[in-house]
Amino acid sequence: MSNNILVINCGSSSLKFSLVNSQTGNQPITGLAERLGDSDAILTIKENGQKQVIDIANGSHSQALDALLKQLDEKQQLSTIKAVGHRVVHGGENFTSSIIIDDKVLSAIESCNHLAPLHNPANLIGIKECQKLLNTVPHVAVFDTAFHQTMPKSAYLYPIPYELYEQHGVRRYGFHGTSHRYVSAALAETLNKPLEELNLVSAHLGNGCSATAILKGKSVDTTMGLTPLEGLVMGTRSGDVDPSLHHFLCTQADMTIDEVNNLLNKKSGLLGLSGISNDMRTLDEASQKGDQRATLAINVFCYRLAKQIAALSVSLGRLDGLIFTGGIGENAASIREKVLNQLSVLGFQVDSTHNASAGKDQQGLITSSGSTPAYVVSTDEEWMIAKDTDALVA
Ligand code: ADP
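Residues numbered from 1 in each chain as written. Predicted model: local features only at pLDDT ≥ 70, side-chain atom pairs only at ≥ 80, totals over all residues. Heavy atoms only, no water.

## Focus on the site of the ligand
For step 1, the next point in the chain: Around the ligand sit Gly206, Asn207, Gly208, Asp279, Met280, Arg281, Gly326, Gly327, Ile328, Asn331 and Ala332, and that is every residue in its neighbourhood.
For step 2, the next point in the chain: Arg281 is positioned with one of its backbone polar atoms (N or O) 3.0 Å from an oxygen atom of the ligand.
For step 3, the next point in the chain: Bound to the protein, the ligand loses 67% of the 580 Å² it would expose on its own.
For step 4, the next point in the chain: Contributing elements (two or more residues each) for the shell around the ligand: α10 (280–288) and α12 (326–331).
For step 5, the next point in the chain: Tallying contributions element by element places α12 first for the shell around the ligand, with four residues.
For step 6, the next point in the chain: Here the shell around the ligand is composed, by residue class, of three nonpolar, six polar and two charged. (Near = heavy atom within 4 Å. Polar contact = N/O pair within 3.5 Å; in protein donor to acceptor, adjacent residues only side chain to side chain. Areas by Shrake-Rupley, 256 points an atom, 1.4 Å probe, with all protein chains shown as cover. Helix = DSSP H or I, 4+ residues; strand = E, 2+ residues; numbered from the N terminus. Nonpolar A, V, L, I, M, F, W, Y, C, P; charged D, E, K, R; others polar.)

## Examining the pairing of strand β12 (residues 321–325)
For step 1, the next point in the chain: Here β12 lies mainly inside the structure; five of its five residues are buried.
For step 2, the next point in the chain: Taking every second residue as pointing to the same face, both faces of β12 are buried, with Gly321, Ile323 and Thr325 on one and Leu322 and Phe324 on the other.
For step 3, the next point in the chain: Sheet topology note: the strand β9 (residues 199–205)/β12 ladder contains five bridges and is parallel. Across the sheet, the residue bridging to Ala203 is Phe324, located in β12. (Buried < 20%, exposed > 50% of the residue type's maximum accessible area, 1.4 Å probe, protein only. Pairing = 2+ DSSP bridges.)

## A closer look at the pairing of strand β11 (residues 218–222)
For step 1, the next point in the chain: Within β11, four of the five residues are buried, which leaves it mostly tucked inside the rest of the structure.
For step 2, the next point in the chain: Relative to β11, strand β10 (residues 209–215) runs antiparallel, the two sharing four bridges. Of the residues in β11, the one forming a bridge with Ala213 is Asp221.
For step 3, the next point in the chain: Linking two consecutive strands that pair antiparallel, namely β10 and β11, is a turn of two residues; a positive phi of about 50° is found at Lys216 within it.

## Let's talk about the packing of helix α1 (residues 61–74) against helix α3 (residues 120–133)
For step 1, the next point in the chain: With their axes 10 Å apart at the nearest point, α1 and α3 run at an angle of 45° to one another. Relative to α3, the element α1 is oriented oblique. In this structure, α1 meets α3 at a crossing whose hand is right-handed. In contact with His61, Ser62, Leu65, Asp66 and Leu69 of α1, α3 contributes Ile125, Gly126, Glu129, Cys130 and Leu133.
For step 2, the next point in the chain: A class-by-class count of the residues in the contact of α1 with α3 yields five nonpolar, three polar and two charged. (Axes fitted to C-alpha atoms, helices over the stretch in contact; angles between N-to-C directions. Parallel < 35°, antiparallel > 145°, perpendicular 65-115°, else oblique. Left-handed = near helix turned anticlockwise from the far one by under 90°. Contact = heavy atoms within 4.5 Å.)

Shown next as structure tokens:
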């Protein structure tokens, strides 16, 4: 029996996929259908370093999936698919772990739509269309929020009237759970230590950024909240701001509530501060050439990240390690160095040589001996989804 799992991540106008060997993590075929519904919709399939682009003009999610499955069939891979793993952004309090999808699960996911109105409905489209086209294999839902369901009330409640939690589910949920879970388990394996003996903070730094306190393998606090806007500075998201900012901007800058929401989600963070880009690579280059605003954006990003890591470590009692992951965490040595220098209060001392050479291909320790250890660990959410899917259908 093959170990191949088709991993699907369905957005409102895109569909990311990967064929993953759940035992080895090998991903022979990956790709993306994008601009779905538009006249320039395309399906890109990557295999052995080769890229194939297929025109699916005006194609829907269903047509993109259909085109993908035809290609997999031609490549004699369709019959190797053992199950499908779907990334689902929000499981609310309904899901504490991954689960095989049936009608009850579909309804429970749907009941979380109001918590992630941009993501969950799109995830559901992906699941339903995929179930129709691949109806002989089981489908599994893997939630971004599930890992954080172990947070205690003291970490997940906002200090607002309790009825809002009871009636509307207003609380902190946390996201990026699949990544935080993957890197913490991967580090434990590398260190050859049981995860249950480690207290870690993991920092997932990509376009979206979040950090999580992981006590003996369980999430006990995280920086994202009711939505992925809370917490760290991100590419275009502000992270934490004064909760009165909405009111201030509506009354003083004549903005509507939707405009403020758009500003904080799409025009803030690294982009808003620098005025140049949401991309850390671009800012790094601009900063090196003397761009003051790029430097400022990087400094705010690093300072706030360090502050949040220190805050998260409060919930751990003892900090056995800090993990950097995601595009920035894995690749931006200068950011890691700045953050670690800011965190000397927690006993971090960067090893500049190890830090400079660390990256996706060279993971591991980036601090000197005697320091609280920090590591670069490459994340692999697709493999985590495939592992969960395989374990459930086994
Ligand atoms: P996503 O959250 O979309 O998966 P990624 O995890 O790929 O994003 O991270 C994207 C971020 O990683 C971007 O800000 C990008 O500039 C940054 N990044 C990638 N490579 C480097 C690098 N070599 N140096 C600095 N930043 C990098």
